[in-house]
Amino acid sequence: MNQPLRLVLVLHNHQPVGNFDGVFEQAYRDSYLPFLDVFERYEGLRIALHTSGSLMEWLDEHHGEYVDRLSGLVATGRIEIVGGPLMEPILPMIPPRDRVGQIVAYRQWLENRLGANVRGMWMPERVWEQSLTTDIVKGGMEYTVLDDFHFKNAGLADEQLDGYYVTEDDCHLLRVFPGSEKLRYLLPFQEPQETIDYLRSVAERRPGAIMVFGDDGEKFGTWPGTKQHVYENGWLGRFFEALQENSDWLKVTTPAEALESVPPLGKVYIPEGSYREMTEWSLPAAQINQYEDAQHDLQDAGKWDAIQPFVRGGYWRNFKVKYPETNAMYARMQMVSRRLHQVAANQGEGDNAEGQLIEQARLELYRGQCNCSYWHGAFGGTYLPHLRNAVFEKLIAADNLLDEAEGRGWRSGDDSWVEVTTEDYNLDGRPEVRLANSRLMALVAPADGGQIYELDVNSICHNLGATLTRRPEAYHRKVLQGANQGDDGAASIHDRIVFKQEGLEERLGYDSFRRNSLVDHFYADDVNFDDVVSGTAEEMGNFVHGTYESKLRRGEGRVQLQMTREGSVAGRQVKLTKGITLNAKGSTLEIAYLLENVPSDIGLHLAPEFNFAGLPSGADDRYFTDTDGNQLGQLGTQLNLQGTSGLALTDHWLGIRIGLTFERPTNVWTYPVETVSQSEGGFELVHQSVAVVPHWVVIPDADGRWSATLRVEVDTTEAEARLGEPAAEVTAAT
């Protein structure tokens, strides 16, 4: 009798750290729960299930009965639990110690809670590098699942991908299954019989083959249109019935059973990569469009199928180049990881209070390594402020806990310290400066405009600098076409063109600079406010991303970073010095500007821009106020204030008030920075930051000098009073 074809169904369920509670609940109601309800009825079928640790943590807290049902299905052999790194990081993004630590932590949790024998792991976003093999095996894993695209990049053809392979690194052996891209596009978008026919063709060609479907469980109910298609119209039941009806030649099984029953097809070394779409998204925007145009031309000429196996997109790590904001987040994560490793080495780990704090900090670090904010494609990722904010929240919380373990920091009540240090914090080959006390931490890049690119508020674990720059995206040409397409039922998420708001083509705008703070603009005297908002105002100077020389000064309870640049404004040489001062026992940045060699025959218009992130627009409890406390509108309001000495931004939901005061009265512009981005729901307008731009027409004194001082005061009294305890309080380790 011929060997049956083995169909391995591996579902990957995931919700990122920081996603809204309602999104978790909706996905549970639309996907996870109904899938389990249907699956339980088909007792002859076995599947493999991976649930990310961030989602499992939520499920265990909110729907423990669902986790109990999983445990029961594990006990009867119906479900094989697939492990992975605890909080779903992209493995090449994190240090090896954290890779192994996350894999081991989740394996132990799954064994304890579900009674599972975890032998394999899900590769987050299937981002692969060969050297990962060693860390995966050290984490106790025997196998993983990648896409067939990975194997084709290694030179294998379709007919060689109906089984699994062994790969190796430094004498560590790992079994690797190729997930079928064709099955990814068949399920659940085509009728079950099409899948049966395809599998039968494989079985006839090679009896005993293994075919693997490995993809998102959210395709079954959460993706737009799929809930009705999969459940209300009965697709999933028909699919399971078709599998059972063909059980004489088709065996639905698990990865572990397949490993035990069928030998490997051979050995292979796999180039770095991910699933096909991800490699395309990692390319620069212009190259994505060139790639798509070339693909369509080759398809029209009938040549694409022949060349496709040799075509690759970009490299996942270059998302950190494509989106410098993700590089800043990545580098911040590495800072925390290095510090945690050092503190643990110095303090030792154990059951004492310091050891418990270190372990809590490690869990927060792992949460801050969740991958979704570090990239962007057909899903929101980098463009979603609440996900970026969540990553920084966890990283700042980890730092707070490490401060406490060292007996300092605002949590411990020790607010007497302040420090300034320099290092290549953002990993660009140039030194940055860190100013920190118990309440605030600012990261400044003297070699990149002297800009503040991170401003952490420790008491509420919030980074006011978690902004995003408006930049061209490949899909913006679809936005410019401005027509709804593909919103019909259960079309693949990769094929949908849906607009969540009207007129998005009119909201496209691009920035020539990073949306940080202390961005030193020089504009013409008569610059148009609308041009400033749209990002088209002409820069008269070369200070925005220019290199500043820096000096660090330390005094009793006080530190200062002084930055100086001699540059050009309107063809004239001007010297600009700006200083940032931070005191102990305070939450105020004092910023002083000094211009020298200012020509008296032309007007200089200095406009140092601030961007504050995580303060959404469109809510009545988030607003501007003047120096008298009068409300000036929600935080999405465009303001053009004249001759003011101060402005405040209040967010009652966060419990924060940011007050800007100006020693020399100034005019101030404010406006929202909004991007047009794509997510699984379609194209949408997303609020990224509130831009606040004080601007002076510079009139020098007799010596050609001009100066101004401003202060940025961060007040979280409301948040601390509301909580009644430190806002960074975390739950016990998983």
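Bear in mind the structure is a predicted one, so any value in this text is a computation, not a measurement. (Residues numbered from 1 in each chain as written. Predicted model: local features only at pLDDT ≥ 70, side-chain atom pairs only at ≥ 80, totals over all residues. Heavy atoms only, no water.)

A short note on the overall build of the protein
The condition is simple: We count a stretch as a helix when DSSP gives it H or I for four or more residues in a row; a strand needs E for two or more, and each element gets its number in order from the N terminus. The quantity called the radius of gyration is restricted to C-alpha atoms. Its globule counterpart is 2.2 Å times the number of residues to the power 0.38. Exposure classes here rest on a 1.4 Å probe applied to the protein chains alone. A residue is buried below 20% of its type maximum, exposed above 50%, and partly exposed in between. Contacts are assigned to residue pairs that have any heavy atoms within 4.5 Å of one another. Values of accessible area rely on a 1.4 Å probe in the Shrake-Rupley scheme; residue burial ignores everything except the protein chains shown. For the purpose of counting charges, residues Lys and Arg are taken to be positive, whereas Asp and Glu are taken to be negative. His and the chain ends are not included. Working definition for charges: the position is that of NZ of Lys, CZ of Arg, CG of Asp or CD of Glu.
What the protein contains, in helices and strands, is 21 helices and 26 strands. Here the protein has a C-alpha radius of gyration of 28 Å; the compact-globule value for 734 residues is 27 Å, and the two agree. Across its three principal axes, the protein shows a C-alpha extent of roughly 100 × 65 × 50 Å. The proportion of buried residues among the 734 residues of the protein is 61%. Summarising the internal contacts of the protein: among those between residues at least 6 apart in sequence, 71% fall at separations of at least 24. Accessible surface, the protein as shown: approximately 27,800 Å² in total, 45% of it carbon and sulfur. Within the protein, the 109 negative side-chain charges are centred at a point lying 4 Å from the centre of the 67 positive side-chain charges.

Examining helix H10 (residues 235-245)
Residues of H10 that are buried include every one of Trp-235, Leu-236, Gly-237, Phe-239, Phe-240, Ala-242 and Leu-243, and no others. Those residues of H10 that are buried lie in contact with strand E1 (5-13), helix H1 (21-40), helix H8 (192-205), helix H9 (226-232) and strand E9 (250-253).

As for the environment of Gly-314
Turning to its location among the elements, Gly-314 is positioned in the loop between helix H14 (304-307) and helix H15 (319-322). The exposure class assigned to Gly-314 is buried, which follows from its relative accessible area of 17%. Each C-alpha atom, one on Gly-314 and one on Glu-280, is 6.0 Å from the other, the two residues being 34 residues apart in sequence. With residues up to four places along the chain from it excluded, the contact list for Gly-314 reads Thr-279, Ser-282 and Leu-283.

Details of the pattern of salt bridges
Where side chains of opposite charge bring their charged atoms close, a pairing between them can arise. Rules: Whenever a carboxyl oxygen of Asp or Glu lies within 4 Å of a side-chain nitrogen of Lys or Arg, that contact is scored as a salt bridge.
On inspection of all chains with the given rule, the structure shows 58 salt bridges. One salt bridge in this structure joins Arg-276 and Glu-277, with 3.4 Å as the shortest N-O distance. The salt bridge partner of Arg-339 is Asp-403, with a shortest N-O separation of 2.7 Å. Remark: Asp-403 occurs in helix H18 (residues 385-405) and Arg-339 occurs in helix H16 (residues 324-347); sequence separation between them is 64 residues.

Some points on unusual backbone geometry
Leu-187 connects to Pro-188 through a cis peptide bond whose omega is 0°. Even without being glycine, Glu-88 reaches a positive phi, approximately 60°. Here Glu-88 is to be found in the loop between strand E3 (79-81) and helix H4 (96-114). The phi dihedral of Asp-170 is positive, around 50°, even though this residue is not glycine.

With respect to the nonpolar core
This is how it is decided: By nonpolar core is meant a set of buried Ala, Val, Leu, Ile, Met, Phe, Trp, Tyr and Cys residues that side-chain atoms within 4.5 Å join together.
Ranked by size, the top nonpolar core spans 130 residues in total, and within it Leu-7, Ile-136, Phe-240 and Leu-243 carry the most contacts. In terms of residues, this core owes the most to one element, H18, which gives 11 residues. Sequence-distant contacts of Leu-243, defined by excluding residues within four places in its chain, comprise Leu-7, Leu-9, Leu-45, Ile-196, Leu-250 and Val-252. Counting residues in hydrophobic clusters, the runner-up holds 57 residues, among them Val-444, Leu-582, Leu-649 and Val-692.

A look at the environment of Arg-205
Stated precisely, the cut-off is as follows: Definition of a polar contact: a pair of N or O atoms within 3.5 Å, with one able to donate and the other able to accept a hydrogen when the atoms are protein atoms, and with sequence-neighbouring residues admitted only if both atoms are side-chain atoms.
In this fold, Arg-205 is placed in helix H8. On the accessibility criterion, Arg-205 (43% relative accessible area) is partly exposed. Setting aside residues up to four positions removed in sequence, Arg-205 forms contacts with Glu-159 and Asp-162. For Arg-205, the side chain forms a polar contact with the side chain of Asp-162, separated by 3.0 Å.

Looking at the confidence of the model for the protein
Put simply, the test is: What pLDDT conveys is the predictor's confidence in a given residue, as a value from 0 to 100.
Overall, the predicted model of the protein reaches an average pLDDT of 93, with 96% of residues at or above 70. This model gives residues 484-489 a pLDDT under 50, and the stretch forms 13 contacts once residues within four places in sequence are excluded. Across residues 726-734, confidence stays below pLDDT 50; counting only partners more than four residues off in sequence or on other chains, it has 26 contacts.

Things to note about helix H17 (residues 353-368)
Going by this rule: The span you would expect from a helix comes to 1.5 Å times its residue count less one.
Over its 16 residues, H17 extends 23 Å from the first C-alpha to the last, a length consistent with the 22 Å expected when each residue adds 1.5 Å. Residues of H17 that are buried include every one of Gly-355, Leu-357, Ile-358, Ala-361, Arg-362, Leu-363, Glu-364, Leu-365, Tyr-366, Arg-367 and Gly-368, and no others. In this structure, the buried side of H17 is in contact with helix H2 (53-62), H4, H16 and H18.

Quick look at the side chain of Ser-459
Among the structural elements, Ser-459 can be located in the loop between strand E13 (451-457) and strand E14 (462-463). Relative accessible area serves as the criterion here: at 2%, Ser-459 is assigned to the buried category. Here the side chain of Ser-459 touches Thr-716 through a polar contact of 2.6 Å, side chain to side chain.

Observations regarding the packing of H17 against H18
Rules: To obtain each axis, a line is fitted to C-alpha atoms, and for helices this fit is confined to the stretch in contact; angles are then taken between N-to-C directions over 0 to 180 degrees. An angle counts as roughly parallel when it lies under 35 degrees, as roughly antiparallel when it exceeds 145, as roughly perpendicular when it falls between 65 and 115, and as oblique in every other case. Crossings are assigned a handedness: left-handed for a near helix turned anticlockwise from the far helix by less than a right angle, right-handed for a clockwise turn. Under the grouping applied here, Gly and all other residues not named as nonpolar or charged are polar, the nonpolar ones being Ala, Val, Leu, Ile, Met, Phe, Trp, Tyr, Cys and Pro and the charged ones Asp, Glu, Lys and Arg.
Two elements in contact, H17 and H18, have axes separated by 8 Å at closest approach and are oriented at 165°. It follows from the interaxial angle that H17 and H18 lie roughly antiparallel. Considering only the axes of H17 and H18, their crossing is left-handed. Side by side, H17 and H18 meet where Glu-354, Leu-357, Ile-358, Gln-360, Ala-361, Glu-364, Leu-365, Arg-367 and Gly-368 of the first sit next to Val-391, Lys-394, Leu-395, Ala-397, Ala-398, Leu-401, Leu-402, Glu-404 and Ala-405 of the second. Class assignment for the residues of the contact of H17 with H18 results in 11 nonpolar, 2 polar and 5 charged.

Some points on the packing of aromatic side chains
The description of two aromatic rings rests on the distance between their centres and on the angle between their planes. To be explicit about the condition: Pairing of aromatic side chains requires ring centres within 6.5 Å, counting the rings of Phe and Tyr and the six-membered ring of Trp. Pairs whose planes differ by under 30 degrees are stacked, by over 60 edge-to-face, and all others tilted.
Per the counting criterion, the structure on display carries 31 aromatic pairs. Seen from their ring centres, Phe-213 and Phe-220 are 6.2 Å apart, and the 75° between their planes marks the pair as edge-to-face. Here the two residues Phe-213 and Phe-220 agree in accessibility, since each one is buried. These aromatic residues form a ring-pair network of at least three members: Phe-35, Phe-39, Tyr-42, Phe-213, Phe-220, Trp-235, Phe-239 and Phe-240.

Comments concerning the sheet that holds strand E12 (residues 440-445)
Where we set the bar: Whether two strands pair comes down to DSSP finding at least two bridges between them.
Taken in spatial order, the 5 strands of this open sheet run E10-E11-E12-E13-E14, and their pairing is antiparallel. Both outer strands of the open sheet, strand E10 (418-423) and E14, are each paired with one neighbouring strand and no more. In this structure, E10 lies alongside strand E11 (residues 432-437), joined through 6 bridges in antiparallel fashion. Of the residues in E11, the one forming a bridge with Glu-419 is Ala-436.

What about the packing of H16 against H18?
Each pair of packed helices can be described by the angle between their axes along with the distance between the axes. Axis separation between H16 and H18 bottoms out at 10 Å; the angle between their running directions is 20°. One finds that H16 runs roughly parallel with respect to H18. Two packed elements cross with a definite hand, and for H16 against H18 that hand is left-handed. In this structure, H16 contributes Met-329, Arg-332, Met-333, Val-336, Arg-339, Leu-340, Val-343 and Gln-347 to the contact, and H18 contributes Arg-388, Val-391, Phe-392, Leu-395, Ile-396, Ala-398, Asp-399, Leu-402, Asp-403 and Ala-405. Per-class residue counts for the contact of H16 with H18 are 12 nonpolar, 1 polar and 5 charged.

Some points on the pairing of E13
The element E13 is extensively covered by neighbouring structure, given that 7 of its 7 residues are classed as buried. Direction of pairing for E12 relative to E13: antiparallel, over a ladder of 6 bridges. Paired with Val-444 across the two strands is Ile-452, which belongs to E13. Linking E12 back to E13 in an antiparallel pair, the connection comprises 5 residues, with Gly-449 at a positive phi of about 75°. The sheet contact formed by E13 and E14 spans 2 bridges and is antiparallel. Bridged to Val-457 within E14 is His-462.

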